[in-house]
Amino acid sequence: MNYEEKIQNSETHVFKVVFPNITNHHNTMFGGTVMEMMDEVAFMTATRFARKSFVTVSCDRIDFKKPIPADTLVELIGRVKYVGNSSLKVNVEVYVEQMYDEIRERAVSGDFTLVAIGADKKPMKIFERDEIENQF
């Protein structure tokens, strides 16, 4: 599998139902809950891409464009955006769908940077040099 195929194959889609227990007094999803779900999808995406252990080191500009009401569905989509030596960046988009209607809108997006770590919990290379050279 080449590098581009690895990126395509690691694209991750997760669907969730927005139940009332994860909403605030405005009957919309808590921002922290959305961020937690996004971080989890970023982790899954990174792991599927490199098959290494990852930890999140930062998140960049999470934009909340639309509220996510209770009794809706959300789809979180993670895509590898950048790959460095030991870190990678995953973009996560969150779409909200009405359960009983065809309405679907992007509600939230953000980038997460994750670092590959070894058994010693220290950063490690995502790919060895020969693995990368064979990809191009």
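Our subject in this report is the structure included herewith. Residues take numbers from 1 onward in each chain, read along the sequence in its written order. Since the coordinates come from a predicted model, pLDDT governs what is reported: local features require at least 70, and pairs of side-chain atoms require 80 or more to be given and counted, while whole-chain, interface and lining totals use all residues. Hydrogens and waters are ignored; side-chain quantities use all the structure's heavy atoms.

The secondary structure listing takes helices from DSSP runs of H or I that are at least 4 residues long and strands from runs of E that are at least 2 residues long, numbered from the N terminus. When helices and strands are counted, the protein chain shows three helices and five strands. Taking the principal axes of its C-alpha atoms as reference, the protein chain extends roughly 50 × 30 × 20 Å. When a residue's accessible area, from a 1.4 Å probe over protein chains only, is under 20% of the maximum for its type it is buried; when over 50% it is exposed; and in between it is partly exposed. Each of the 136 residues in the protein chain was classed as buried or not, and the buried ones make up 42%. Taking the intrachain contacts of the protein chain between residues at least 6 apart in sequence as the baseline, contacts between residues at least 24 apart amount to 69%. Surface summary for the protein chain: the accessible area is close to 8,100 Å², and the carbon and sulfur share equals 50%. Distance from the positive charge centre (17 side chains) to the negative charge centre (21 side chains) of the protein chain: 5 Å. Contact definition: two residues touch when any of their heavy atoms are within 4.5 Å. Under the convention used here, a 1.4 Å probe and the Shrake-Rupley method define accessible areas, while residue burial counts only the protein chains that appear. Charged-residue counts in this description rest on Lys and Arg as positive and Asp and Glu as negative, His and the chain ends being excluded. To locate a charge, the coordinates of NZ of Lys, CZ of Arg, CG of Asp or CD of Glu are taken.

Here the focus is the packing of helix 1 (residues 3-10) against helix 2 (residues 31-50). For any two helices packed against each other, the geometry comes down to the angle between their axes and how far apart the axes lie. One can describe the packing of helix 1 onto helix 2 by two numbers: an axis separation of 8 Å at closest approach and a directional angle of 145 degrees. Remark: the crossing between helix 1 and helix 2 carries right-handed chirality. Taking contact as the criterion, the partners of Y3, K6, I7, N9 and S10 in helix 1 are, on helix 2, T45, R48 and F49. Any residue outside Ala, Val, Leu, Ile, Met, Phe, Trp, Tyr, Cys, Pro, Asp, Glu, Lys and Arg is labelled polar, Gly included; the first ten of those are nonpolar and the last four are charged. Looking at side-chain class alone, the contact of helix 1 with helix 2 contains three nonpolar, three polar and two charged residues. Axis lines are fitted to C-alpha atoms, over the contacting stretch for helices. Their N-to-C directions set the angle, which ranges from 0 to 180 degrees. Each helix crossing is assigned a hand: it is left-handed if the near helix lies turned anticlockwise from the far helix by less than a right angle, otherwise right-handed if that turn is clockwise.

It is worth spelling out the nonpolar core at this point. Grouped together as the largest cluster of nonpolar side chains are 32 residues, with contacts concentrated most on M38, F49, I68, L88 and I126. Those elements giving two or more residues to this core turn out to be helix 2, strand 2 (53-64), strand 3 (72-83), strand 4 (87-98) and strand 5 (104-117). If one sorts the elements of this core by residue count, helix 2 sits on top with eight residues. Apart from the residues lying within four places of it in its own chain, the contact partners of I68 are V18, N27, T28, M29, V34, V74, V94, V96, A107 and V108. Only buried residues count toward a nonpolar core. Its members are Ala, Val, Leu, Ile, Met, Phe, Trp, Tyr and Cys residues joined through side-chain atoms within 4.5 Å.

Further remarks concern the side chain of T113. Among the secondary structure elements, T113 is positioned in strand 5. Contact partners of T113, with chain neighbours within four places excluded, come to V55, T56, V57, S58, D60, S87, L88 and K89.

Basic side-chain nitrogens of Lys or Arg form a salt bridge, by our definition, when they fall within 4 Å of a carboxyl oxygen of Asp or Glu. Evaluation of the coordinates by the stated rule reveals nine salt bridges. Measuring nitrogen to oxygen at the nearest pair gives 3.1 Å for the salt bridge that ties E93 to R79. With E93 in strand 4 and R79 in strand 3, the pair connects residues that are 14 residues apart, well separated along the chain. With its nearest N and O atoms 2.7 Å apart, the salt bridge here joins K81 to D111. Taken together, the residues span a long stretch of sequence, with K81 in strand 3 and D111 in strand 5 at a distance of 30 residues. Residue classification places K81 among the exposed positions, given a relative accessible area of 52%. One salt-bridge network, held together by shared partners, links E11, R79, E93 and R106.

A few words now on the sheet that holds strand 4. What makes two strands pair is DSSP finding at least two bridges between them. If you walk across this open sheet you meet the five strands as 1-3-4-5-2, and the pairing is antiparallel. What marks the edges here is a single partner per strand, and that holds for strand 1 (12-17) and strand 2. On average, each strand axis in the sheet is inclined to that of its neighbour by 25 degrees, with strand direction left out of account. Both strand 1 and strand 3 contribute to a ladder of six bridges, which runs antiparallel.

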